[in-house]
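The chain contents come next:
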Amino acid sequence: MISLSRTSFLNNAGVSELYSPVSSRQRRYAASLKVVASTSRAGDRNGTVVMESVVKETREALAAVEVEQESAVGGGVQDVYGEDTATEDQYVTPWSVSVASGYTLLRDPHHNKGLAFNDKERDAHYLRGLLPPAVASQELQTYAFSTHQVKKMMHNLRQYQLPLHKYMAMMDLQERNQKLFYKVLIDHVEELLPVVYTPTVGEACQKYGSIYMRPQGLYISLKEKGKILEVLRNWPERNIQVIVVTDGERILGLGDLGCQGMGIPVGKLALYTALGGVQPSACLPITIDVGTNNETLLNDEFYIGLRQKRATGQEYAELMHEFMSAIKQLYGEKILIQFEDFANHNAFDLLAKYGTTHLVFNDDIQGTASVVLAGLIASQKLVGGTLSDHKFLFLGAGEAGTGIAELIALEIAKQTNTPVEEARKKIWLVDSKGLIVSSRKESLQHFKKPWAHEHEPVKTLVDAINNIKPTVLIGTSGVGRQFTKEVVEAMATINEKPIIFALSNPTSQSECTAAEAYTWSQGRAIFASGSPFPPVEYEGKVFVPGQANNAYIFPGLGLGLLMSGTIRVHDEMLLAASEALASQVTPEDFKKGLLYPPFTNIRKISAHIAAKVAAKAYELGLATRLPQPKDLVKYAESCMYSPSYRSYR
Ligand SMILES: NC(=O)C1=CN([C@@H]2O[C@H](COP(=O)(O)OP(=O)(O)OC[C@H]3O[C@@H](n4cnc5c(N)ncnc54)[C@H](OP(=O)(O)O)[C@@H]3O)[C@@H](O)[C@H]2O)C=CC1
Ligand SMILES: CC(=O)C(=O)O
Ligand SMILES: [Mg+2]
């Protein structure tokens, strides 16, 4: 495995990542590259070797690297050393060619190919004897008796009865062979999304302390206060473009899982790469540990986080501020930060505070809103009319509920050319205390106030349905089984085709199952859920429920922001993402009752979303990558990470 490093080969003690010169000056230097030849072969079998015989290959590798870097999202990929401020003199430092070999190469998940190293690579890289004789291919080959790694992995995964064991096997693969992990995930996305993502990732977070084997992501706890910048510098990659960060306080609908929430940023970023094509080395999962109020975890001997109650108020704000400042200082203006699974008392404030200074978005508030709006736009093909013809009722008035409500209102206002305040009147929310009405206004959290309409108090959901008579019912309560038979029947009595979304995750928290929605509505419900449900047969007809999950949006949205060098997220971009996703639903999908296209096409879908988001960013003057590429879909596709192996010869 050839990799390039600007450091002197004499100091080059380990395996370096595939770094390349990226500025034009660096490229000029690289073009006149003189590879330093080493006569010493010490350490051949353990790691780095520098040798003249690879000069030609190095030149080829450089060319390949340049192509790869050119197409990497963000265009202007940062120099590995951070700012591109090196002087000409510094480039006089000889480049070394480091060749990770032997045992080290097999233990390096970024470059390991396992049995797919062919005989020539095994000879060239001191792998003889370290692998059994069989040579595998990553993908299915036409010739007989070839082991096929993806097929074998799927075969093994399917032997596990428990989803958590499949999850652990996938995490293990990610640690061993990153390209194979992504290849398997991309090729079997429908089957494996429930494994690496909801619902299984929820169970994984609950048991993270017990199943923890190797650290994933970066942990920043109260102990690191005052030195967060230093901690960030410990992360081995420099070219970070997207961070997913949680403080673990509201993990799916499972509540406060403290430091064990790390499974969520890890899972979300795996989807950034698999579904959105962002380079894995550009992704950084982070968990902020300020303690947990989860007594079970605090008393669990295997808990991996700080054993204290959550820090709040100024202590919390100061840590977050140091974190946000350090991120910008280290990675610059265009680093994308996705807030994930914060409790709502922090989520809205963080978004408001940093939305004007950083490239941030909150996936639970904004990503969810975008995916639900897409489903509602698509549903008009099944029910007829326009969004403004509907009345919406939510169970749950937190991040997801009020986030979705606001984006629907913005879309209606846009479509009907009316003020957003007017559009909001079509939308009602129920929280744990009942319908949100004006008489409660004083005691409401700020994000609920816009939804406090004139109405007498209503306590139960069924009563709210009977009073408001909604055409759309959306569950964002985080509490399972709230859409009872009575609730679904009430919706089906009022509407010929009731639209019912049970968005809470994981499956155990879903407001109802797909089978319940179809059965209790006599097959008339148009249904989607946050976690996947299998198709349902009802009276001889098969209903395929859609998955209304922000996983449809954030990978494409993120790709669009990065590839255009956008510096701020704007609501118009969320609307553009919704419209792009809705436009990808085909007549065949509609025939099955689907409001979302299948995940099997997700990379194509993400490219479309990315293109629309980027186009909007250019239109709003928020994109800095100039000139604007002519064909944004093609450009998005060209930016996408490929999980196929590269030849190391
Ligand atoms: N499908 C998807 O893509 C997504 C799904 N979600 C899911 O949505 C759920 C909620 O997340 P989020 O909005 O961030 O959580 P929040 O904690 O911000 O909001 C939860 C809301 O539900 C209300 N609530 C809780 N219990 C009840 C009840 N028994 N009856 C009525 N209302 C109730 C709360 O009321 P009160 O305000 O009075 O406490 C609150 O308004 C989670 O399960 C999450 O997994 C979230 C994001 C994306
Ligand atoms: C999907 C998601 O982001 C959530 O349930 O929190
Ligand atoms: Mg979330």
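The rules we used
Residues numbered from 1 in each chain as written. Chains lettered and ligands numbered in written order. Predicted model: local features only at pLDDT ≥ 70, side-chain atom pairs only at ≥ 80, totals over all residues. Heavy atoms only, no water. Salt bridge = Lys/Arg side-chain N within 4 Å of Asp/Glu carboxyl O. Helix = DSSP H or I, 4+ residues; strand = E, 2+ residues; numbered from the N terminus. Buried < 20%, exposed > 50% of the residue type's maximum accessible area, 1.4 Å probe, protein only. Core = buried A, V, L, I, M, F, W, Y, C linked by side-chain atoms within 4.5 Å. Contact = heavy atoms within 4.5 Å. Pairing = 2+ DSSP bridges. Right-handed = clockwise from strand over helix to strand, strands pointing away. Domains from an automatic or database assignment. Buried area = accessible area lost by both parts, 1.4 Å probe. Polar contact = N/O pair within 3.5 Å; in protein donor to acceptor, adjacent residues only side chain to side chain. Nonpolar A, V, L, I, M, F, W, Y, C, P; charged D, E, K, R; others polar. Near = heavy atom within 4 Å. Areas by Shrake-Rupley, 256 points an atom, 1.4 Å probe, with all protein chains shown as cover. UniProt positions renumbered as here; feature names shortened; annotations may be inferred. Axes fitted to C-alpha atoms, helices over the stretch in contact; angles between N-to-C directions.

1. Considering the pattern of salt bridges
Moving on, step 1. For the structure on display, the rule yields 29 salt bridges.
Moving on, step 2. Residues Arg310 and Asp247 are paired through a salt bridge, measuring 3.8 Å at the closest nitrogen-oxygen approach. Of this pair, Arg310 sits in the loop between α13 (295–298) and α14 (313–331) while Asp247 sits in the loop between β6 (242–246) and α12 (263–274), and the two are 63 residues apart along the sequence.
Moving on, step 3. The exposure class assigned to Arg310 is buried, which follows from its relative accessible area of 8%.
Moving on, step 4. Among the ionic pairs, Asp631 bridges to Lys634, the shortest N-O distance being 3.8 Å.
Moving on, step 5. For Asp631, a relative accessible area of 37% corresponds to the partly exposed category.
Moving on, step 6. A residue is classified by how much of its surface remains accessible, and Lys634, at 57% relative accessible area, is exposed.
Moving on, step 7. Here the salt bridges do not stand alone but share partners, grouping Asp247, Glu249, Asp256 and Arg310 into one network.

2. Description of the nonpolar core
Moving on, step 1. By size, the foremost hydrophobic cluster in this structure holds 127 residues, and its most contacted members are Met170, Tyr272, Leu376, Phe501 and Tyr596.
Moving on, step 2. Top element by residues in this core is helix α25 (residues 602–619). It accounts for 10 residues.
Moving on, step 3. Filtering out sequence-adjacent residues up to four positions away, Tyr272 remains in contact with Val242, Val244, Gly277, Val278, Cys283, Leu336, Gln338, Phe361, Phe554, Pro555 and Gly558.
Moving on, step 4. Counting 38 residues, the second largest nonpolar core, distinct from the first, contains Trp235, Phe323, Ala326 and Leu350.

3. Quick notes on the pairing of strand β9 (residues 359–362)
Moving on, step 1. Side chains Leu359 and Phe361 of β9 all project onto a buried face; the interleaved residues Val360 and Asn362 project onto the opposite face, where all are buried too.
Moving on, step 2. In terms of strand pairing, strand β8 (residues 336–339) meets β9 through four bridges, oriented parallel. Bridge pairing links Gln338 to Phe361 in β9.
Moving on, step 3. As a crossover connection, the stretch from β8 through helix α15 (residues 344–354) into β9 is right-handed.

4. Quick word on the domain arrangement of the protein chain
Moving on, step 1. One can read the domain layout of the protein chain as domain 1 (102–185), domain 2 (200–362), domain 3 (366–548) and domain 4 (552–639).
Moving on, step 2. A C-alpha centroid distance of 25 Å is found between domain 2 and domain 4.
Moving on, step 3. Of the residues lining the interface, 23 residues belong to domain 2; the matching set on domain 4 comes to 18 residues.
Moving on, step 4. Taking both sides of the interface into account, the surface hidden between domain 2 and domain 4 amounts to around 1,700 Å²; carbon and sulfur atoms contribute 66%.
Moving on, step 5. Viewed at the interface, domain 4 and domain 2 are joined by one salt bridge.
Moving on, step 6. Among the ionic pairs, Arg568 bridges to Glu333, the shortest N-O distance being 3.2 Å.
Moving on, step 7. In this structure, the connection of domain 2 to domain 4 is made through seven residue pairs in polar contact (both at pLDDT 80 or more).
Moving on, step 8. At the level of elements, α12, β8 and β9 are the ones that each hand at least two residues to the side of domain 2 that touches domain 4.
Moving on, step 9. With five residues, the top contributor of residues to the side of domain 2 that touches domain 4 is α12.
Moving on, step 10. When grouped by side-chain class, the residues that make up the side of domain 2 that touches domain 4 number 10 nonpolar, 10 polar and three charged.

5. Some thoughts on the site of ligand 2
Moving on, step 1. Every residue close to ligand 2 is listed here: Tyr197, Arg250, Leu252, Lys268, Glu340, Asp341, Asp363, Asp364, Asn505, Asn549 and Asn550.
Moving on, step 2. In the model, an oxygen atom of ligand 2 is placed 3.0 Å from a nitrogen or oxygen of the Glu340 side chain.
Moving on, step 3. At 3.0 Å, a side-chain N or O of Asp341 approaches an oxygen atom of ligand 2.
Moving on, step 4. The protein chains hide 91% of the 220 Å² of surface that ligand 2 would expose on its own.
Moving on, step 5. Taken together, the residues that form the shell around ligand 2 break down as two nonpolar, three polar and six charged.

6. Some thoughts on the environment of Asn549
Moving on, step 1. Note on placement: Asn549 falls in the loop between β18 (546–547) and α22 (554–563).
Moving on, step 2. Along the primary structure Asn549 and Val372 are separated by 177 residues, whereas in three dimensions their C-alpha atoms are 7.8 Å apart.
Moving on, step 3. Here Asn549 is in contact with Tyr197, Thr198, Val371, Asn505 and Gly530, once residues within four sequence places are set aside.
Moving on, step 4. Among the polar contacts made by the side chain of Asn549, one reaches the side chain of Tyr197 at a distance of 2.7 Å.
Moving on, step 5. From its side chain, Asn549 meets the backbone oxygen of Gly530 in a polar contact 2.9 Å long.

7. A word on the UniProt feature "binding site: a divalent metal cation" (unreviewed entry) in the protein chain
Moving on, step 1. Cross-referencing UniProt, the feature "binding site: a divalent metal cation" (unreviewed entry) maps to Glu340, Asp341 and Asp364 in the present numbering. These annotated residues cover 25 residues of sequence, and their C-alpha atoms lie no more than 6.8 Å from one another, placing them together at a single site.
Moving on, step 2. Those residues in contact with Glu340 that sit more than four places away from it in its chain are Val244, Val245, Thr246, Asp247, Ile264, Lys268, Asp363 and Asp364.
Moving on, step 3. Mapped onto the secondary structure, Asp341 falls in the loop between β8 and α15.
Moving on, step 4. Here Asp341 is in contact with Thr246, Asp247, Gly248, Glu249, Arg250, Ile251, Leu252, Ile264 and Asp364, once residues within four sequence places are set aside.

8. What about the sheet that holds strand β5 (residues 218–221)?
Moving on, step 1. An order of β5-β7-β6-β8-β9 is seen for the five strands of this open sheet, with the pairing classed as parallel. One side of each edge strand has no neighbouring strand; the edge strands of this open sheet are β5 and β9. The average undirected angle you get between the axes of adjacent strands in this sheet is 25°.

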